[in-house]
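Listed below, chain by chain, are the residues.
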Amino acid sequence: MKKKMRFNTKAIHGGQILDPAYNSVMTPIYQTSTYAQSSPGKHKGYEYSRTHNPTRTNLENSIASLENGKYGLAFSSGLAAIDALLKTLKPGDEVISTNDLYGGSYRLFKKIFQKYDIKFHFVNMEDIKNVEDKITKKTRLIWLETPTNPMMNIIDIKSLAKLSKKNKILLCVDNTFASPYLQRPLELGADIIIHSATKYIAGHSDVIIGAIVINNKRLHEKLSFIQNASGATPGPMDSFLTLRGIKTLHLRMQRHSENARKVAKFLKRNPKIGKVYWPGFTDHTNHTIAKKQMKDFGGIVSFIPKKSNFKTAKKIAEKLKLFTLAESLGGVESLCCHPASMTHASITPEDRKKSGLVDSLLRLSVGIEDADDLIEDLKQAIG
Ligand SMILES: *Cc1c(COP(=O)(O)O)cnc(C)c1O
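Residues of helix α4 (residues 103–112) that are buried: G103, G104, S105, Y106, L108 and F109. Looking at the packing, one finds that the buried side of α4 touches α3 (78–86), β2 (94–98), β3 (119–123), β4 (139–145) and α13 (349–354).

Now for the sheet that holds strand β9 (residues 300–305). Pairing is mixed across the open sheet formed by five strands, whose spatial order is β8-β9-β12-β11-β10. Of all the strands in the sheet, the pair left with one neighbour each is β8 (273–277) and β10 (324–325). Here four bridges tie β8 to β9, and the two strands are oriented antiparallel to one another. Bridge pairing links K275 to I304 in β9. The strands touched by helix α12 (residues 310–319) within the sheet are β9, β10, β11 (335–337) and β12 (362–365), with β9 carrying the most contacts at an inclination of about 130°.

Think of interface size as the accessible area that goes away when the parts come together; that is how it is often given. Taken domain by domain, the protein chain consists of domain 1 (2–246) and domain 2 (250–382). Counting residues at the interface gives 41 residues for domain 1 and 43 residues for domain 2. Summed over both partners, the interface of domain 1 with domain 2 comes to about 3,300 Å²; 60% of that surface belongs to carbon and sulfur atoms. Applying the counting rule to domain 1 against domain 2 returns zero salt bridges. Counting across the interface, domain 1 meets domain 2 through 18 residue pairs in polar contact (both at pLDDT 80 or more). When contributions to the side of domain 1 that touches domain 2 are tallied by element, the ones reaching two or more residues are α1 (7–13), α4, α6 (157–166), α7 (179–182) and α9 (236–246). Per-class residue counts for the side of domain 1 that touches domain 2 are 22 nonpolar, 13 polar and six charged.

Before going further, it helps to examine the packing of helix α10 (residues 249–269) against helix α14 (residues 371–382). Here α10 crosses α14 at 30°, and the two axes come no closer than 10 Å. One finds that α10 runs roughly parallel with respect to α14. When you trace α10 past α14, the crossing you get is right-handed. Taken together, the residues of α14 that come into contact with α10 (itself represented by N259, K262, V263, F266 and L267) are A371, L374, I375, L378, K379 and I382. Looking at the contact of α10 with α14 residue by residue, the class counts come to eight nonpolar, one polar and two charged.

This brings us to the pairing of strand β5 (residues 170–174). For β5, the buried fraction is high: four of the five residues fall into the buried class. Summarising the sheet, β4 and β5 pair through five bridges and their orientation is parallel. The residue bridging L144 from the neighbouring strand is V173, located in β5. Once the chain exits β4 it traverses α6 before rejoining the sheet at β5, and the crossover so formed is right-handed. Pairing analysis gives three bridges linking β5 to strand β6 (residues 192–196), with the strands arranged parallel. Bridge pairing in β6 links C172 to I192.

Turning our eyes to something else, we now look at the site of the ligand. Around the ligand sit S77, G78, L79, Y102, E145, D174, T176, S196, T198, K199 and I209, and those are all the residues in its vicinity. L79 has a polar backbone atom sitting 2.9 Å from an oxygen atom of the ligand. Contact distances for the ligand include 2.7 Å between a nitrogen atom and a side-chain N or O atom of D174. Protein chains shield 94% of the accessible area of the ligand, which is 380 Å² for the free molecule. Among the residues making up the shell around the ligand, the classes are represented as three nonpolar, five polar and three charged.

We now examine the packing of helix α2 (residues 54–66) against α9. At a minimum axis separation of 8 Å, α2 and α9 run at an interaxial angle of 35°. The handedness of the crossing between α2 and α9 is left-handed. For the pair α2 and α9, the contacting residues are T55, R56, N58, L59, S62, I63 and L66 in the first and P236, S239, F240, T242, L243 and I246 in the second. Here the contact of α2 with α9 is built from residues that sort into seven nonpolar, five polar and one charged.

Its location among the elements puts L163 in helix α6. We classify L163 as buried; its relative accessible area is 7%. When sequence neighbours within four positions are dropped, the list of residues in contact with L163 reads I128, V131, E132 and I135.

Turning our eyes to something else, we now look at the sheet that holds strand β1 (residues 71–75). Through backbone hydrogen bonds, the strands of a sheet pair up, either in parallel or in antiparallel fashion. Read from one edge of the open sheet, seven strands run β1-β7-β6-β5-β4-β2-β3, paired in mixed fashion. A strand with exactly one partner marks an edge of an open sheet, and here the two such strands are β1 and β3. For this sheet, the mean inter-axis angle between neighbouring strands, taken without regard to orientation, is 20°. One ladder, built from four bridges, connects β2 with β4; its direction is parallel. The partner of I96 across the bridge, within β4, is I142. Along the sheet, α3 makes contact with β1, β3, β4, β5, β6 and β7 (210–214), crossing β6 at roughly 150°.

Before going further, it helps to spend a moment on the pairing of β1. Successive residues of a regular strand alternate their side chains across the two faces of the sheet. Most of β1 sits out of view: five of its five residues are buried. Where burial is concerned, the two faces of β1 agree: the one with Y71, L73 and F75 and the one with G72 and A74 are both buried. Pairing geometry for β1 and β7, over five bridges, is antiparallel. If you follow L73 over to β7, its bridge partner there is I212.

The rules behind the values
Residues numbered from 1 in each chain as written. Predicted model: local features only at pLDDT ≥ 70, side-chain atom pairs only at ≥ 80, totals over all residues. Heavy atoms only, no water. Buried < 20%, exposed > 50% of the residue type's maximum accessible area, 1.4 Å probe, protein only. Helix = DSSP H or I, 4+ residues; strand = E, 2+ residues; numbered from the N terminus. Contact = heavy atoms within 4.5 Å. Pairing = 2+ DSSP bridges. Axes fitted to C-alpha atoms, helices over the stretch in contact; angles between N-to-C directions. Domains from an automatic or database assignment. Buried area = accessible area lost by both parts, 1.4 Å probe. Salt bridge = Lys/Arg side-chain N within 4 Å of Asp/Glu carboxyl O. Polar contact = N/O pair within 3.5 Å; in protein donor to acceptor, adjacent residues only side chain to side chain. Nonpolar A, V, L, I, M, F, W, Y, C, P; charged D, E, K, R; others polar. Parallel < 35°, antiparallel > 145°, perpendicular 65-115°, else oblique. Left-handed = near helix turned anticlockwise from the far one by under 90°. Right-handed = clockwise from strand over helix to strand, strands pointing away. Near = heavy atom within 4 Å. Areas by Shrake-Rupley, 256 points an atom, 1.4 Å probe, with all protein chains shown as cover.

Dropping the structure here:
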């Protein structure tokens, strides 16, 4: 029965076990740090909540099920998940990463792990040859986000999976932007999935939480060890809220995608807007790949005003009423972000320029409100 569940059913039931204590239908919040043992070393599988917690276990299994993976691990943030994964590397190892990526990941790579002699190469992965050129005997990990943040470039997961297998390198996909409803990288040949579950998976802008999903047993053992040894685990309340969010993931993603489609089309028609970045446009560079590897195109739309300067972008951002000017994305409410000063401020202006992130670019996380209200709001802000 469980193996055959379709995605929408998995969102409600996937990986969940009914609470053995009272058969409560919802996963209880096991707000406890420790568990009674009947005799030294004899317990029911739970000893201390950093190591394991029943609410977290259900969340880990649920996310694994959504990604069609064997093992899930939850962390206290997306960055804590990335941090744990990077701790599987050794000094001297090399990583090839997309050049257009979440600012916090870039900061973690450059400011923390580079110090421990791990080398990072940042390349444009739309052309696979750029990745091939950087592969050495020391390359251990290929790191990609797709769609990329905030340029909405699409990277071909299947081709990169082939390349990484051929060279015995692990391929990790940060699947935060797409969510498992739209894109499942393990099915396309990736080895590791990272989530900032803070975004679409939890979906209500009320928790900070992260996850890793993998199929490899040895890597799971390594990561479980790091998860417990380093201790960046989420609490039971946040695990519960995330589980609750997951139950509507499929419905939310459908509406996010629908609304973003309408917003993107509106912006493209608007004479005061210069460029609109949304992979659903047939003239988007990698539209064909997006169509192949994603179920729909997601809720994020970036754009540049025709008068491409910071002043114009700032004015639009300030005038928006329904779109809240805030960092983050993926919640039910619409948000607007100015990446150059907010999420991507930790990337040097030169590196931002390299990936096309100009100071006038705005990124919208289109929520699940009525699309017509969102469009009216944009209309008045653009003027
Ligand atoms: C937000 C985000 C992260 C970091 O996750 P946190 O939960 O904020 O630590 C990583 N990758 C992407 C693509 C993100 O959007």
